[in-house]
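Listed here are the chains, written in short residue letters.
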Amino acid sequence: IPAKSLECVIVKSRELLLKFHRYIGLLLALFVIVNGLTGSTLSFYREIDSRLNADALTVQVNGPALSIDDLSGIVQVRYPDTKIAAFFFGGGANQAYSYFLKPTVTSAPASSLEVWIDPYSGQIRGDRWIGVVKFDRRHLMPMLHTLHNSLLLGTPGEVALGTLAALWLITLLIGLYLAMPRSGSYRKIFAIKRGAGRFKLWLDVHRVLGIFAVLILLSTSFCAIYMVVPNAFISVMKIVAKPSSPVLAARPTRALAPAQVSPEQAIALAQRTFPDAQMRGIQFYPEKGVY
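Residues numbered from 1 in each chain as written. Predicted model: local features only at pLDDT ≥ 70, side-chain atom pairs only at ≥ 80, totals over all residues. Heavy atoms only, no water.

Visitor: What is the right way to look at the nonpolar core in this model?
Guide: In terms of nonpolar packing, the biggest core is built from 17 residues, with Val75, Tyr79, Phe87, Tyr99, Leu101, Val115 and Ile117 touching the most fellow members. Setting aside chain neighbours within four positions, we find valine 115 in contact with Tyr79, Tyr97, Ser98, Tyr99, Leu101, Ile124, Gly126 and Asp127. Counting 14 residues, the second-largest nonpolar core is a separate cluster that includes Ile24, Leu28, Val214 and Val228. (Core = buried A, V, L, I, M, F, W, Y, C linked by side-chain atoms within 4.5 Å. Buried < 20%, exposed > 50% of the residue type's maximum accessible area, 1.4 Å probe, protein only. Contact = heavy atoms within 4.5 Å.)

Visitor: What should I look at first to understand unusual backbone geometry in this one?
Guide: Most peptide bonds adopt trans geometry, and most residues besides glycine take a negative phi value. Backbone geometry places leucine 151, a non-glycine residue, at a positive phi of 60°. Take leucine 151: it is sitting in the loop between α5 (140-150) and α6 (155-179). We note that leucine 152 has phi near 65°; this positive angle belongs to a residue other than glycine. Looking at the secondary structure, you find leucine 152 in the loop between α5 and α6. Look at leucine 152 and you get partly exposed, because its relative accessible area is 34%. (Helix = DSSP H or I, 4+ residues; strand = E, 2+ residues; numbered from the N terminus.)

Visitor: How should α6 be read in this particular structure?
Guide: The terminal C-alpha atoms of α6 lie 36 Å apart, and with 25 residues this matches the ideal 36 Å at 1.5 Å per residue to within 8%. Residues of α6 that are buried: Gly157, Leu161, Gly162, Ala165, Trp168, Leu169, Thr171, Leu172, Ile174, Gly175, Leu178 and Ala179. (Expected span 1.5 Å × (residues − 1).)

Visitor: Please explain the pairing of strand β2 (residues 97-103) as it appears in this structure.
Guide: Remember that side chains alternate between the two faces of the sheet whenever the strand is regular. Across 6 bridges, the pairing between strand β1 (residues 82-88) and β2 is antiparallel. Bridge assignment links isoleucine 84 to a residue of β2, and that residue is leucine 101. Judged from the 5 bridges that link them, β2 and strand β3 (residues 112-117) form a sheet pairing that is antiparallel. What sits directly across from leucine 101, in β3, is leucine 113. (Pairing = 2+ DSSP bridges.)

Visitor: Mind showing me how you'd approach the environment of proline 80 here?
Guide: Locating proline 80 in the fold gives a position in the loop between α4 (68-78) and β1. The sequence separation of proline 80 and serine 245 amounts to 165 residues, and the corresponding C-alpha distance is 35 Å.

Visitor: Looking at this model, I keep getting lost on the sheet that holds strand β5 (residues 281-283). Mind explaining?
Guide: Paired through backbone hydrogen bonds, the strands of a sheet run either parallel or antiparallel to each other. Strand order in this open sheet of 5 strands is β4-β3-β2-β1-β5, and the pairing throughout is antiparallel. Single-partner strands in this sheet number two, and they are β4 (124-130) and β5. On average, adjacent strands in this sheet sit at an angle of 30° to one another, irrespective of strand direction. Judged from the 3 bridges that link them, β1 and β5 form a sheet pairing that is antiparallel. Of the residues in β5, the one forming a bridge with phenylalanine 88 is glycine 281. Here α4 sits on the sheet and contacts β1, β2, β3 and β4; the angle it forms with β2, its principal contact strand, is near 45°. (Axes fitted to C-alpha atoms, helices over the stretch in contact; angles between N-to-C directions.)

Visitor: Hey, could you run me through the pattern of salt bridges in this one?
Guide: Where side chains of opposite charge bring their charged atoms close, a pairing between them can arise. As enumerated under the stated definition, the model contains 6 salt bridges in all. We note a salt bridge from arginine 137 to aspartate 55, for which the minimum N-O separation is 3.0 Å. With a gap of 82 residues between them, arginine 137 in the loop between β4 and α5 and aspartate 55 in helix α3 (residues 54-57) connect regions that are remote in the sequence. Take arginine 137: its relative accessible area is 43%, and that puts it in the partly exposed class. Arginine 128 serves as the salt-bridge partner of glutamate 114, at 2.9 Å between the closest nitrogen and oxygen. One end of the pair, glutamate 114, is in strand β3; the other, arginine 128, is in strand β4, with 14 residues separating them in the sequence. Just as glutamate 114 is buried, arginine 128 falls in that class too. Each of Asp49, Glu114 and Arg128 takes part in salt bridges that share partners, so that together they form one network. (Salt bridge = Lys/Arg side-chain N within 4 Å of Asp/Glu carboxyl O.)

Visitor: I tried to follow the environment of threonine 58 on my own but got confused; where do I start?
Guide: By the element assignment, threonine 58 lies in the loop between α3 and α4. Since its relative accessible area comes to 35%, threonine 58 is described here as partly exposed. Filtering out sequence-adjacent residues up to four positions away, threonine 58 remains in contact with Asn94, Gln95 and Arg125.

The values are spatial; any link to function lies outside them.
Next up, the structure:
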């Protein structure tokens, strides 16, 4: 190919990539802003949620806490149409414990119910459905989590976010390519020219800030694809790598039977095995026969 023709092809290609980068970037702007703001807020989920729901989460320390088995029994009696899926200790001695319950009836408003219980008296302090859209202080943080993960649209929202994250990854790579100089020193990509006009100034600022942030943004978009559409992500990654099976998924499914080890015994065993670790809670996987 003659040099002049090749240069023309390169110029046309860069023009097409520039338009793709620009217009897809504008399309993704709202998505990036919403997920950036919600993600930043969710980084302080526990701290914000504790303040918003202090009336339910703050308890009076009064002697030793009841056993986990006793507290689980109280919760199960109070919510008979559910089964316990997870339990978590409070953030301090004066904090209520949290139970996450899965409803066993189809009429439930959501797939998960969080219950707060006083570990000293066994009093139920409050509850909330996880995944419902309510703009009150009880449901604000879980609703922001759902907005962040699925745009409040369930599975279609997760697929949409996965697609947008993939587009974001592509436009970031295109932006990185467009930032590279076609000739001369690579120092040009970090140069901000003054006196060349407002548009040129902001274009230079956009390029320089983008170069410095690109590693974080690439990793964020890459991880986002996995988090919202893990099965599709793993299918693609199998082309270049052999994924290992998660420990839990690799365990065979067992027939449901009464557990021989209680949650209280499981927690005590974990604390003996890892004496330097902080116990946060326990999750139940009866179909796998494990805590």
